[in-house]
Amino acid sequence: MGKTDLSLALAEAMDAEIVSIDSMLVYRGMDVGTAKPSIQERARVPHHLIDIVGPSEPFSVARFQDEAREAVVRIGGRGRPALLVGGSGLYFRAVVDDLEFPGADPDTRYELERQAEALGAERMYQRLAASDPVAAAKIDPGNVRRTVRALEVPAITGRTFSMYARAWERYDAGSVRAAGLRMPREAVIARIGVRVRSMLDAGWLDEVRSLVERGFGGWLTSTQAIGYAELARHLRGDMTLDDAVEATVKRTSNLARRQMSWFRRDPRIRWFDVDERGAMAAFEPILAYLDDQ
């Protein structure tokens, strides 16, 4: 869609610095498959929250929230605006809204996961429904991972999972001016296919091979990093390259749909339609909107 080119042009026109709100750009060594801004592009405009942890290094949304907010404060201290760029709705709201993210406890999580294996999804869900019916009503009974998380939070904090979730229903209109790009779904899917192939031409498979050789293959697969997991399976001999590409396009298309569903709930976002010309076609109206103080 040309988001990077648009963000660079907007940042230069606004004398802004870019704060990435992409959950995968934080990882070093994952460049091609994440469409990470190049060194040259980052030289044009300062970028933040890129390449801050190694693959498989623990990284939470709570840590992202702290570091991103610190970056915004530092940028403001230089008299410049911060331009948040990316497609992670969770990371976006973590920066701009007053949200709390309860920590995790590996021992508690492990014990709950063991219980889930022994008791099954239904009985774990029944336990959640009895203790926190509000949270249970928003979770698929078959989603063991979310059920375990909703049980873990009160075990380590003493507060129900739904108590933390209440803030998600509030959108502070004064905290941000947000612009979103909208393209017909058929065009999005077509562009995703072209993009995946272009990434392969740019050396994506070699990048994944390097990560696998450095011992990150299991992490790529277990975390289900889109494209990286599929290519790691291909390198392991579990699927053909064509199947890996097809699965990557499908998963990326589903992610794009979920991202749009997430952002559509935010009434603060003004949407700008783009076509086959790409995101740069919306540069002037978006700049006028963001600069309208």
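Residues numbered from 1 in each chain as written. Predicted model: local features only at pLDDT ≥ 70, side-chain atom pairs only at ≥ 80, totals over all residues. Heavy atoms only, no water.

Caption draft 1: Representation of the pattern of salt bridges within the structure. Within the structure shown, the criterion is met by 22 salt bridges. A salt bridge links Arg63 to Glu57, with the nearest nitrogen and oxygen atoms 3.5 Å apart. Look at Arg63 and you get partly exposed, because its relative accessible area is 27%. Between Glu100 and Arg159 there is a salt bridge, with its nearest N and O atoms 3.7 Å apart. (Salt bridge = Lys/Arg side-chain N within 4 Å of Asp/Glu carboxyl O. Buried < 20%, exposed > 50% of the residue type's maximum accessible area, 1.4 Å probe, protein only.)

Caption draft 2: View of the packing of aromatic side chains. Evaluated as defined, the whole model comprises seven aromatic pairs. Note on Phe101 and Trp168: the rings are 5.9 Å apart at their centroids and 80 degrees apart in plane angle, and the pair reads as edge-to-face. Of this pair, Phe101 sits in the loop between α4 (89–96) and α5 (106–119) while Trp168 sits in the loop between α9 (161–165) and β4 (178–182); the two residues are 67 residues apart in sequence, bridging distant segments of the chain. Assessed through its relative accessible area of 18%, Phe101 is described here as buried. Relative to Tyr289, the ring of Phe272 lies with its centre 5.9 Å away and its plane at 50 degrees, an arrangement referred to as tilted. Highlighted residues: Phe272 in strand β5 (residues 269–273) and Tyr289 in helix α14 (residues 283–291), separated in sequence by 17 residues. (Phe/Tyr/Trp six-rings, centres within 6.5 Å; stacked < 30°, edge-to-face > 60°. Helix = DSSP H or I, 4+ residues; strand = E, 2+ residues; numbered from the N terminus.)

Caption draft 3: Broad picture of the environment of Trp219. Examined against the element boundaries, Trp219 turns out to sit in helix α11 (residues 204–222). The contact partners of Trp219, leaving out residues within four places of it in the chain, are Tyr27, Met30, Pro55 and Ser56. (Contact = heavy atoms within 4.5 Å.)

Caption draft 4: Examining helix α12 (residues 228–236) more closely. The set of residues buried in α12 consists of Tyr228, Ala229, Glu230, Leu231 and Ala232. On its buried face, α12 is in contact with α10 (185–201), α11 and α13 (241–264). Of the residues one or two after α12, Gly237 is the one with positive phi, at around 90 degrees.

Caption draft 5: Geometry of unusual backbone geometry. Unlike most non-glycine residues, Asp15 shows phi in positive territory, near 55 degrees. Here Asp15 shows up in the loop between α1 (3–14) and β1 (17–20). Among the residues examined, Asp15 registers a relative accessible area of 43% and is labelled partly exposed. A positive phi angle, close to 65 degrees, is found at Leu49, a residue other than glycine. Mapped onto the fold, Leu49 is located in the loop between β2 (47–48) and α3 (61–77). Its relative accessible area of 6% is what places Leu49 among the buried residues.

Caption draft 6: Structural detail: α3. Given a rise of 1.5 Å per residue, 17 residues ought to cover 24 Å, and the 24 Å separating the end C-alpha atoms of α3 matches this to within 8%. Regarding α3, the residues found buried are Val61, Phe64, Gln65, Ala68, Ala71 and Ile75. For α3, the buried positions fall inside an angular range of 135 degrees around the axis, keeping them on one side. Set apart from the buried face of α3 by more than 90 degrees, the exposed residues are Val73 and Gly77. Note on α3: the residue one or two positions beyond its end, Gly79, has a positive phi of about 75 degrees. (Expected span 1.5 Å × (residues − 1). Arc of directions from axis to C-beta.)

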